[in-house]
Amino acid sequence: QVQLVESGGGLVQPGGSLRLSCAASGSIFSINAMGWYRQTPGKQRELVAVITSGGSTNYADSVKGRFTISRDNAKNTVYLQMNSLKPEDTAVYYCNADSISSDYAYYSSWGQGTQVTVSS
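Remember, it's a predicted structure, so these values are computed and weren't measured experimentally.

**Concerning the state of the cysteines**
Counted under the stated rule, the structure contains one disulfide. Disulfide pairing is shown between C22 and C95; the S-S distance is 2.1 Å. Around the S-S axis, the bridge from C22 to C95 shows a dihedral of about -80° and counts as left-handed. In this pair, C22 is assigned in strand β3 (residues 18-26) and C95 in strand β9 (residues 91-101), connecting sequence segments 73 residues apart. For the pair C22 and C95, a shared accessibility class is recorded, and that class is buried.

As structure tokens, then:
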């Protein structure tokens, strides 16, 4: 099993910044794509940003130019730097990782979620 633990959410004013972190642990052989998703009440979970093991990235149009996803493969950790935050960025943010365990099983794992609130 692979566990993901997120941190870094909180309350921030419009125009402010936050940095989310997500660390993977467990019997990991390799981690492929890692990503961030978000969800608001009554809506489906949506992709925010994803990064492959090679460093290729993809972003939702709504966050391009404001958010940056990065990863530290040595630490099995993915980050989301969020700048110029807007009230519509308010959501629960979830980390996801596609991984292969030490016994070569495939896992798509989710973190517990961290609340980001953008409000004055």
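**Some points on unusual backbone geometry**
One non-glycine residue, N76, lies in the positive phi region at around 50°. Mapped onto the fold, N76 is located in the loop between β7 (67-72) and β8 (77-82). Given a relative accessible area of 23%, N76 falls into the partly exposed group. One non-glycine residue with positive phi stands out, namely Y104, at about 65°. Tracing the sequence through the fold places Y104 in the loop between β9 and β10 (106-110).

**Describing the sheet that holds β8**
A sheet is described by the order of its strands in space; here four strands give the open sequence β1-β3-β8-β7, paired in antiparallel fashion. Looking at strand neighbours, the two that pair on one side only are β1 (2-7) and β7, the edges of this open sheet. When strand polarity is set aside, the average angle formed by the axes of neighbouring strands in this sheet is 15°.

**Topic: the packing of aromatic side chains**
Within this structure, the stated rule accounts for two aromatic pairs. With a centroid separation of 5.2 Å and 65° between ring planes, the pair formed by F29 and Y104 is classed as edge-to-face. Placement of F29 in strand β4 (residues 28-39) and of Y104 in the loop between β9 and β10 is noted, with a sequence separation of 75 residues between them. Note on accessibility: F29 and Y104 belong to one class, exposed. With 5.0 Å between their ring centres and 65° between their planes, Y37 and W110 make a pair best called edge-to-face. Placement of Y37 in strand β4 and of W110 in strand β10 is noted, with a sequence separation of 73 residues between them. Exposure remark for Y37: the relative accessible area of 23% places this residue in the partly exposed category.

**Things to note about the environment of A105**
Here A105 shows up in the loop between β9 and β10. Relative accessible area serves as the criterion here: at 25%, A105 is assigned to the partly exposed category. Sequence spacing of A105 and A49 is 56 residues, and the spatial spacing of their C-alpha atoms is 25 Å. Dropping the residues within four chain positions of it, A105 is found in contact with S99 and I100.

Conventions used here
Numbers given for residues are sequential positions, taken from 1 along each chain in its written order. With pLDDT at 70 or above as the cut-off, local features in this predicted model cover only qualifying residues; side-chain atom pairs require 80 or more to be listed or tallied, and sums for whole chains, interfaces and linings still use all residues. Each side-chain value is worked out from all heavy atoms of the structure, with water and hydrogens disregarded. Criterion for a disulfide: a pair of cysteine sulfur atoms at a distance within 2.5 Å. Numbered from the N terminus, helices here are DSSP runs of H or I no shorter than four residues, and strands are runs of E no shorter than two. Relative accessibility under 20% of the residue-type maximum defines a buried residue, over 50% an exposed one, and the middle range a partly exposed one, all with a 1.4 Å probe and only protein chains included. Should DSSP find at least two bridges between two strands, the strands are taken to pair. To obtain an axis, a line is fitted to C-alpha atoms, over the contacting stretch when the element is a helix, and the angle between two such axes runs from 0 to 180 degrees between their N-to-C directions. Any two rings among Phe, Tyr and Trp, with Trp reduced to its six-membered ring, count as a pair given centres within 6.5 Å; such a pair is stacked if its planes are under 30 degrees apart, edge-to-face if over 60, and tilted if neither. Here, residues are in contact when the closest pair of their heavy atoms is within 4.5 Å.

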